[in-house]
Structures are given as C-alpha cells and as structure tokens.
Amino acid sequence: MENRSYPRIALNNLKVEACDVFGFYVGMISDVSRFGLCLTEFPLKLDGRVEKMTVIVSGEGRKFKMNIRPRWSISDNNNKTVGAQILDAPWSWTEFVMDLEPPVKDDVWRSAAGL
C-alpha cells in the first residue's frame, strides 16, 4: 500500500520539455501530484541520474517551469520513464493540480455529529 500525502492524477495531455546537464528532450507526463510527476516517452539519452533537471510543462493553454529531482528511471527498448520530486513548483502549478484532485470525502466525525 502506498502512503502518499496527495493522490496521483493520471493525465495524457501534458507535454514536458526537460533539460538535464547534457541536452533538451521532449516527452509527456503520465501522472502528477502536488509534489511529484512521472515523465514518459523520453529518448534513452535523457540522464535520469542527474541531481536536478529543469522542466517546462505545457498543455491546456498553460505553461509551468520548475526544477525537479529524479528519484527513479526505467528504460525499455525505445523510451525512458522518470519519476521525479518537484523541488520548486510555482503556486500556479499547485492550484492547477489541486483543481484536478478528486474531492475529499466528508470527515466521518463531522458526519456523525450532524455537522
């Protein structure tokens, strides 16, 4: 069971441009949370072991620039997928993700008290 503070939200319409220390690469985002994201469809050249990357996430008429820290990466024959922690997201990113999150279920104690 995963112990996450915030849910992962599956997406399929956000493009991401990533810069490691060796070059610029374009891929997609498969899921996000307030403090993390999963980068997919990147070329194998992308170095998922760097300390920090700069990314520009775009889609739905919006752009977000932030620094991330890769936490893991896997490769198949053609592509690389990287899971990353967001280091310094702009507030607009947090609002964007919060709007995508499912509504929080009512508090059991509040329901029992009739509030």
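The structure we're discussing is the one just above.
Residues numbered from 1 in each chain as written. Predicted model: local features only at pLDDT ≥ 70, side-chain atom pairs only at ≥ 80, totals over all residues. Heavy atoms only, no water.

Draft legend 1. Representation of the overall build of the protein chain within the structure. Looking only at helices and strands, one finds 2 helices and 7 strands in the protein chain. When the helices and strands of the protein chain are listed from N to C terminus, the series reads β-β-β-β-β-β-β-α-α. Considering only intrachain contacts with a sequence separation of at least 6, the fraction spanning at least 24 residues in the protein chain is 50%. When the accessible area of the protein chain is evaluated, it comes to approximately 7600 Å², of which 51% is carbon and sulfur surface. (Helix = DSSP H or I, 4+ residues; strand = E, 2+ residues; numbered from the N terminus. Contact = heavy atoms within 4.5 Å. Areas by Shrake-Rupley, 256 points an atom, 1.4 Å probe, with all protein chains shown as cover.)

Draft legend 2. Structural context of the pattern of salt bridges. Summed over the entire model, instances satisfying the criterion amount to 3 salt bridges. Put simply, Glu101 and Arg34 hold a salt bridge, and the shortest N to O gap is 2.9 Å. Of this pair, Glu101 sits in the loop between helix 1 (91-100) and helix 2 (108-112) while Arg34 sits in the loop between strand 3 (24-32) and strand 4 (36-42), and the two are 67 residues apart along the sequence. Since its relative accessible area comes to 17%, Arg34 is described here as buried. In this structure, the salt-bridge partner of Asp47 is Arg49, at a minimum N-O distance of 3.3 Å. Using a relative accessible area of 14% as the deciding quantity, one classes Asp47 as buried. Under the relative-accessibility criterion, Arg49 is labelled exposed at 74%. (Salt bridge = Lys/Arg side-chain N within 4 Å of Asp/Glu carboxyl O. Buried < 20%, exposed > 50% of the residue type's maximum accessible area, 1.4 Å probe, protein only.)

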